[in-house]
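# Descriptive analysis of the structure
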Amino acid sequence: MKVYLNGKFVDKEDAKISVYDHGLLYGDGVFEGIRAYDGVVFKLKEHIDRLYDSAKSICLKIPMSKEEMEKVVIETLRVNNLRDAYIRLVVTRGVGDLGLDPRKCKNPTIFCIAEPMKPLLGEDGIRVITASVRRLPVDVLNPAVKSLNYLNSILAKIQANYAGVDEAFLLDAEGYVAEGTGDNIFVVKNGVIKTPPVSSSVLRGITRDTVIDLAKELGYEVIEERLTLHELYVADEVFITGTAAEIVPVIEIDGRKINDGKIGEITKKLREKFKEVRTKLGTKIYE
Ligand code: PMP
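Residues numbered from 1 in each chain as written. Predicted model: local features only at pLDDT ≥ 70, side-chain atom pairs only at ≥ 80, totals over all residues. Heavy atoms only, no water.

Under the annotation held in an unreviewed UniProt entry, the chain carries the name Branched-chain-amino-acid aminotransferase and is attributed to Methanotorris igneus. Heading Function (unreviewed entry) of the UniProt record for the chain holds this comment: "Acts on leucine, isoleucine and valine." (UniProt positions renumbered as here; feature names shortened; annotations may be inferred.)

See below:
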């Protein structure tokens, strides 16, 4: 397996970065998780746009154009002869000294890893708890920035692990539902689909946006508004969305079974639709 690292393709074993890299020392950097399905990189342009927005927000100037960055992703897949893959694209502040001042870091570190991944769609549903740790407030470290600092999510995941469930949901600072550790949350009640707005301390998921579009195409009303846990507990359906997870039903939250504990009709329809379009919305790897 070859990894793109600062302009070169190197063997996985040789893909190493400095212990002085501020991405490692301080989580100072940004990244994207991307999927390729059957020779198509799903919404590559949208992922690259989000990467550059995250970088801009933290004053990290990426020393290549978006077009060049797209080529990095495509080339990484080609070099590894992959058609179905999970891709990790990372830009860190680069090597500096032990102080945290970003001005000491002259060259960002850029790397791209692609690994084989078959589509996951087979999940029967997950059990979830609410984490006691809150999602980062937008005025502390806005979750809209996909930064390398994932400790907030990791702390929530640790709680899920101790509780023996699959995932944890985080509330925002005001107690409204924000998101999962690496996914966005949707609820369905009386045929209407709702998801927290981006102002509720969430990452604007590429899958989230896709699901909103697909749901509207299918004729459903989709509302972005603040949600309480109560609305989740009494929902007809709850599901999560994300690049790795795709669309996964939630069958239990904090010990409350969601409806009859089985995948809901609308969740099922959206999954089928997503499966249908995922090779149509993106950039071809091979001509
Ligand atoms: N929220 C968080 C915190 C995430 O890490 C992710 C995964 N990138 C998502 C939501 C879902 O975003 P996407 O659909 O773009 O993968």
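Here the narrative resumes, following the displayed structure.
### Topic: the sheet that holds strand β2 (residues 8-11)
One open sheet accounts for 7 strands, arranged β2-β1-β6-β5-β3-β4-β16; its pairing is antiparallel. Each end of this open sheet is capped by a strand with a single partner; those strands are β2 and β16 (282-284). The average undirected angle you get between the axes of adjacent strands in this sheet is 25 degrees. Across 2 bridges, strand β1 (residues 2-5) lies against strand β6 (residues 109-116) in antiparallel orientation. (Pairing = 2+ DSSP bridges. Helix = DSSP H or I, 4+ residues; strand = E, 2+ residues; numbered from the N terminus. Axes fitted to C-alpha atoms, helices over the stretch in contact; angles between N-to-C directions.)

### Here's the deal with the packing of helix α2 (residues 44-57) against helix α3 (residues 66-79)
The geometry of α2 relative to α3 is characterised by a closest axis approach of 10 Å and an angle of 120 degrees between their N-to-C directions. In terms of orientation, α2 and α3 fall into the oblique class. Taken as a pair, α2 and α3 cross one another with a handedness that is right-handed. Touching Leu-44, Lys-45, Ile-48, Asp-49, Leu-51 and Tyr-52 of α2 are Lys-66, Met-69, Glu-70, Val-73 and Ile-74, all from α3. (Parallel < 35°, antiparallel > 145°, perpendicular 65-115°, else oblique. Left-handed = near helix turned anticlockwise from the far one by under 90°. Contact = heavy atoms within 4.5 Å.)

### A word on the domain arrangement of the chain
Taken domain by domain, the chain comprises domain 1 (2-116) and domain 2 (126-278). Spacing between the C-alpha centres of domain 1 and domain 2 amounts to 26 Å. Each partner contributes residues to the interface: domain 1 has 22 residues there, and domain 2 has 18 residues. Between domain 1 and domain 2, roughly 1700 Å² of surface is buried when both sides are summed, and carbon and sulfur atoms account for 65% of that area. Applying the counting rule to domain 1 against domain 2 returns 1 salt bridge. With its nearest N and O atoms 3.3 Å apart, the salt bridge here joins Glu-246 to Arg-35. Run the count over domain 1 and domain 2 and you get 9 residue pairs in polar contact (both at pLDDT 80 or more). Looking at the side of domain 1 that touches domain 2 element by element, the count peaks at 8 residues for strand β3 (residues 29-37). Per-class residue counts for the side of domain 1 that touches domain 2 are 8 nonpolar, 8 polar and 6 charged. (Domains from an automatic or database assignment. Buried area = accessible area lost by both parts, 1.4 Å probe. Salt bridge = Lys/Arg side-chain N within 4 Å of Asp/Glu carboxyl O. Polar contact = N/O pair within 3.5 Å; in protein donor to acceptor, adjacent residues only side chain to side chain. Nonpolar A, V, L, I, M, F, W, Y, C, P; charged D, E, K, R; others polar.)

### Topic: the nonpolar core
Considering soluble globular proteins, one finds that nonpolar side chains tend to be buried as a cluster. Core analysis: the largest hydrophobic core is formed by 29 residues, its most contacted members being Val-41, Ile-62, Met-69, Val-73, Leu-77, Ile-87 and Leu-89. Elements with a contribution of two residues or more to this core: β3, α2, α3, β5 (85-92) and β6. Setting aside residues no more than four positions away along its own chain, Leu-89 makes contact with Val-30, Phe-31, Glu-32, Ile-34, Ile-48, Leu-51, Met-69, Val-72, Val-73, Phe-111 and Cys-112. (Core = buried A, V, L, I, M, F, W, Y, C linked by side-chain atoms within 4.5 Å. Buried < 20%, exposed > 50% of the residue type's maximum accessible area, 1.4 Å probe, protein only.)

### Some details on the site of the ligand
In the neighbourhood of the ligand, 15 residues make up the surrounding shell, with Tyr-150, Glu-179, Ile-206, Thr-207 and Thr-243 lying closest. A distance of 2.9 Å separates an oxygen atom of the ligand from a polar side-chain atom of Arg-50. Tyr-150 is positioned such that a nitrogen or oxygen atom in its side chain is 2.4 Å from an oxygen atom of the ligand. Protein contacts shield 95% of the accessible area of the ligand, which totals 390 Å² for the unbound molecule. (Near = heavy atom within 4 Å. Areas by Shrake-Rupley, 256 points an atom, 1.4 Å probe, with all protein chains shown as cover.)

### Remarks on the environment of Ser-54
Among the secondary structure elements, Ser-54 is positioned in helix α2. Looking at Ser-54, the relative accessible area reads 1%, which means it is buried. Ignoring anything within four residues of it in the chain, the contact list for Ser-54 reads Val-30, Ala-144, Val-145 and Lys-146.

### Side note on α2
In a regular helix each residue adds 1.5 Å, so 14 residues correspond to 20 Å; α2 covers 20 Å between its end C-alpha atoms and thus fits that length. Along α2, the residues that are buried comprise Leu-44, His-47, Ile-48, Arg-50, Leu-51, Tyr-52, Ser-54 and Ala-55. As for α2, its buried residues are in contact with β3, β4 (40-42), α3, β5, α5 (206-217) and β16. (Expected span 1.5 Å × (residues − 1).)

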